[in-house]
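Residue-level structure breakdown
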2 protein chains.
Amino acid sequence: MGAIPTESAKEHSMKIVVIGASGTVGRAVVAELEQGGAHQISTTGNLFFGPLTQMTAADFNVGLQDKLLGQVRLALVGQHYLSDGGSITLTTGIVGQEPIAQGANATAVNSAVEGFVRAAACELPRGIRINAVSPTVLTESMDVFGPFFPGFEPVPAARAALAYRRSVEGVQSGRVYRVG
Amino acid sequence: MGAIPTESAKEHSMKIVVIGASGTVGRAVVAELEQGGAHQISTTGNLFFGPLTQMTAADFNVGLQDKLLGQVRLALVGQHYLSDGGSITLTTGIVGQEPIAQGANATAVNSAVEGFVRAAACELPRGIRINAVSPTVLTESMDVFGPFFPGFEPVPAARAALAYRRSVEGVQSGRVYRVG
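Below: a short report on this structure. The numbers attached to residues start from 1 for each chain and follow its sequence in the written order. As a convention, the first chain written is A and the first ligand written is 1, with the rest following in written order. Only residues with pLDDT of at least 70 get local features here, since the model is predicted, and only at 80 or more are side-chain atom pairs given and counted; chain-wide, interface and lining totals rely on the full set of residues. With hydrogens and water stripped out, all remaining heavy atoms of the structure feed into the side-chain values.

Concerning the interface of chain A and chain B
- Contacts between the two partners involve 38 residues from chain A, matched on the other side by 39 residues from chain B.
- Buried area adds together the accessible area that both of two parts lose upon being put together, with accessible area traced by a 1.4 Å probe. Interface area for chain A against chain B, summed over the two sides, is near 2800 Å², with a carbon-plus-sulfur share of 69%.
- Should a side-chain nitrogen of Lys or Arg be within 4 Å of a carboxyl oxygen of Asp or Glu, the pair is scored as a salt bridge. Run the count over chain A and chain B and you get 0 salt bridges.
- Pairs of N or O atoms are called polar contacts if they sit within 3.5 Å, as long as, within protein, a hydrogen donor faces a hydrogen acceptor (for residues adjacent in sequence, only side-chain-to-side-chain pairs). If you look at where chain A meets chain B, you find 14 residue pairs in polar contact (both at pLDDT 80 or more).
- Secondary structure elements with two or more residues in the side of chain A that touches chain B: α2 (57–78) and α3 (104–120) of chain A.
- The class makeup of the residues in the side of chain A that touches chain B is 22 nonpolar, 13 polar and 3 charged. Contacts between residues were defined by any pair of non-hydrogen atoms, one from each residue, lying within 4.5 Å. Think of it this way: any DSSP run of H or I at least four residues long counts as a helix, any run of E at least two long counts as a strand, and we number them from the N terminus. Residue polarity is assigned by list, with Asp, Glu, Lys and Arg as charged and Ala, Val, Leu, Ile, Met, Phe, Trp, Tyr, Cys and Pro as nonpolar; anything else, Gly included, falls into the polar class.

Examining the packing of aromatic side chains
- Under the pairing criterion, centres of Phe, Tyr and Trp rings, with the six-membered ring standing for Trp, must be within 6.5 Å; the plane angle then separates stacked pairs below 30 degrees from edge-to-face pairs above 60, leaving the rest tilted. Evaluation of the coordinates by the stated rule reveals 4 aromatic pairs over all chains.
- For the ring pair A:F60 and B:F116, a centre distance of 5.6 Å and an interplane angle of 90° mean the geometry is edge-to-face. Of this pair, A:F60 sits in helix α2 while B:F116 sits in helix α3 (residues 104–120), each in a different chain.
- The cut-offs for exposure are 20% and 50% of the maximum accessible area for each residue type, with area from a 1.4 Å probe on protein chains only; residues under the lower value are buried, those over the upper are exposed, and the others partly exposed. On the basis of relative accessibility, which here comes to 0%, the residue A:F60 falls in the buried class.
- When the centroid spacing of 5.1 Å and the interplanar angle of 85° are considered together, the rings of B:F149 and B:F152 count as edge-to-face.

Digging into the relation of the copies chain A and chain B
- Once chain A is rotated about the relating axis by 180° and shifted along it by 0.0 Å, it coincides with chain B to within an RMSD of 0.0 Å. Look at the turn and shift together and you get a two-fold axis relating the two. Among all residues of chain A, the one whose C-alpha sits closest to the rotation axis is A:A112, at a distance of 2.2 Å.
- When you check the interface residues of chain A against chain B, 100% turn up at the interface there too, and the contact is symmetric in its surfaces. Copy-to-copy alignment: least squares on C-alpha atoms, limited to residues at pLDDT 70 or above in both.

Keep in mind that these numbers describe shape and distance, not what the molecule does.
What follows is the structure, given as structure tokens:
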């Protein structure tokens, strides 16, 4: 977790809390947002990858508890601590839309996070907004993940980071910003 | 759970296993499919309903463990027992697409089930197919659920049941049949 104190034109200083700041996306988001902004961002969460024919319910629950419930928990808790008009940005990924081999858990979890964002946007109090960013495979991750994304066009993490800025500093809520 | 032994033109008799056969949709599905068919259907699963501002991660986990992981478990286990070319049909609901008050868990869970279906269809062995049926609010449930669905046009359970037949006896996989 990285906390970035920033200055603003208002009376009080603001903070951006980035959960997952040590990851590839997280680092790019921190670099992008060091230029200003406010609010809560999550770029973290583990999924289960493995062949469907060998998958168990316990395997599947890994992603439910981590990338899904972990991010939902951040939002449920965050709504009580964010300033009026604050922003929550969660992270999904292209596998939510485009299944890949061994990725059934990832497709389900990413779809669930996007569903949560769509619904939570209708109920969050005090003008708090919530969005998700869904990047495709990152250029920086191609050496590890490339074989799982045959023919997918990667994007640099810095491009994904722009979508986080768009979510944090824009006016929309309940949106999924797709990158790639 | 209701097991409906049926006869077929093939050498062996076939069964339709309906998980949730005592529910409103389940009863209609049983009535519809008593006319023939084969394969595994789930029309069951509990969700958590409550205001987002009071929701906890434990509340949210109710739907993850029940309607989501419960149905995923049926599919993960079922793939090992179904005949070649067998069919799995899971149940989501309109709230996956259209958020309602107190329904953040329902939107997320239904979206996850649909994501799972989309991905699992790409990996299921031996020609086994998987689809989901997503009904809107049912005419038969309007006395209980109507207030949560203002302006939604209900459909009779018998119409939803047609979609299950379409899933079971059709040729598609990875589809979500929306009713209403």
